[in-house]
Structure formats: C-alpha cells, structure tokens
Amino acid sequence: MTLKLYCFGESGNAYKAALSLNMAGLEWEPVYVDFFNGEARSEEYRALNVMGEVPMLIDTDHDYHLTQSGAIQDYVVHLSGKLTGKTPEERREVLRWVLWDNHKLSSMAGPTRFLMNFLPEAKRPQEVIAFNKGRLNAAYKVLDEHLEGREWVVGDHATIADISCCGYLYYPEPFGFDRKEFPNIDAWLTRLSEQPGWAHPYDLMPGSPADRA
Ligand SMILES: N[C@@H](CCC(=O)N[C@@H](CS)C(=O)NCC(=O)O)C(=O)O
C-alpha cells in the first residue's frame, strides 16, 4: 500500500489525517508542502486540489487522491476498519462530531493560531483575534461538557471524532487555549496521547516553526 500524505507540521488539519493513518496502523509517508512559501497555491498543487488546501492524500495503489481531513479520515476508516463507531448510530455520532469540529473548533483554532503566531506582529488583527477567541472559548466549553463522565467523544474507544477534535490542541503556540482550564479536555488529551500510534504533530509530520526561525 502506498499512501502519501501531503502535509506540514504546523497544520492541525493535516495532523488529523496523519494521526488517523498512524493510529489505524496503516503504512504511509509524509510529503512536505512548503505552505509558508505558497506551495499550496501553486499551479501544480491546485491542479491536484482546486481548493488549494492541505492535507491531501494520494493512494498510488488505487490511483486515487482525496482532500479535506474529514474525508481522508473516512478513507482511513474504509481502509483499516478502525477508529470508527460500532453501530450505525455510533458512526453517525462520529460524523456529527467531525462536522462540529470542522465548523466550530478547528476552523477557528487554525486561523487564530496563524494570526497570533505566524503573521508578523505588526500585521496581527487584534479585533479579529479577540472575536475568534470568544468563539473558540464557547467551543472548548462544548467539548469539555460533552467529555464530562466520558472517556471518548463517541462510544468506548478512540475514533476519528477524537482525532478531529484534538487537531489543534497539542500545539504549543498560544491561541487562547489553556488545557488546564478544561479538566475533561485535559484528561482526554492525555488519554489519547497514550494510545498506540499517537505522536505529537511536530514528530509526525515534517516542518515546524523551529525550522523557519
Ligand atoms: N476543512 C479543511 C481545512 C483545510 C485547511 O484550511 N488547511 C489549511 C492549512 S492547515 C490550508 O491549506 N489553508 C489554505 C487556505 O485557506 O488558503 C480540512 O479539514 O482539510
């Protein structure tokens, strides 16, 4: 099997795909995308992904390529039979939380982290950052409340819903998230990090802020 994941270490969206591949025990290799020098907007990249986004998975065995972390996660489930719910209801619940994460959590956490860390200081839009932090805080509360009395987002084992929701939450750069303020999220992140195949984003994918310093 030849699975190539186009990714870079700073991308929480790519991390969801990379961690799903790793935790499912599939063989895969990372292909570095030089995002900060505009590679994802290049003609060559957009010819493969008109959305101009990372991650992208290429399955050379099946001459198939796919983008959107949630769709790639679904493909990982299809290939491995792992990281999903046990019943149709659980699998729908997994989808519900992946959609929630993509809309309410990662879609805010990614850009907020970008604005606060990867833009030159003089260009950081403080009003936008403050607005996003408010939205993010509401999302952290939703997740923390949901995890009260639960080990996993859905059912009794880790699924792609957990992996989607954690996409940005292990990164060290500040973006208005302090896991110690959300005890259920904190315990869940520790639990997830103890699962076979777990690795930190900067250990799993090439590229990190240190490389660009
Ligand atoms: N919903 C997409 C989001 C992907 C995404 O926004 N990726 C970022 C990198 S983390 C990107 O490529 N952004 C480029 C842009 O927004 O122009 C997913 O889950 O894959």
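Cut-offs and rules
- Position numbers for residues start from 1 in each chain and track the written sequence from start to end.
- Thresholds applied to this predicted model are a pLDDT of at least 70 for local features of residues and 80 or more for the giving and counting of side-chain atom pairs; totals over whole chains, interfaces and linings are not thresholded and use all residues.
- For side-chain calculations, the full set of non-hydrogen atoms in the structure is used, while hydrogens and water are omitted.
- As used throughout, domain bounds are those supplied by an automatic or database domain assignment.
- A contact between two residues is defined here by any heavy atoms of the two lying within 4.5 Å.
- As a working definition, buried area equals the accessible area (1.4 Å probe) given up by two parts on being put together, with both sides summed.
- Note on definitions: salt bridges are taken to be side-chain nitrogens of Lys or Arg within 4 Å of carboxyl oxygens of Asp or Glu.
- We count a stretch as a helix when DSSP gives it H or I for four or more residues in a row; a strand needs E for two or more, and each element gets its number in order from the N terminus.
- Classification convention: Asp, Glu, Lys, Arg as charged; Ala, Val, Leu, Ile, Met, Phe, Trp, Tyr, Cys, Pro as nonpolar; all other residues, Gly among them, as polar.

### A word on the domain arrangement of the protein chain
Reasoning step 1: We note that the domain assignment places domain 1 (3-82 + 199-212) and domain 2 (88-193) within the protein chain.
Reasoning step 2: Here the C-alpha centroids of domain 1 and domain 2 sit 19 Å apart.
Reasoning step 3: Contacts between the two partners involve 22 residues from domain 1, matched on the other side by 19 residues from domain 2.
Reasoning step 4: A per-residue breakdown of the area domain 1 buries against domain 2 is headed by K16, M23 and Q73, which together make up 30% of the total.
Reasoning step 5: Summed over the shared surface of domain 1 and domain 2, the number is 1 salt bridge.
Reasoning step 6: For D101, the salt bridge goes to K16, with nearest N and O atoms at 2.9 Å.
Reasoning step 7: Listed by contribution, the elements that provide at least two residues to the side of domain 1 that touches domain 2 are α1 (12-23), α3 (69-80), α8 (201-204) and α9 (209-212).
Reasoning step 8: A total of 7 residues in the side of domain 1 that touches domain 2 trace back to one element, the largest contributor, which is α1.
Reasoning step 9: Partitioning the side of domain 1 that touches domain 2 into residue classes produces 9 nonpolar, 9 polar and 4 charged.

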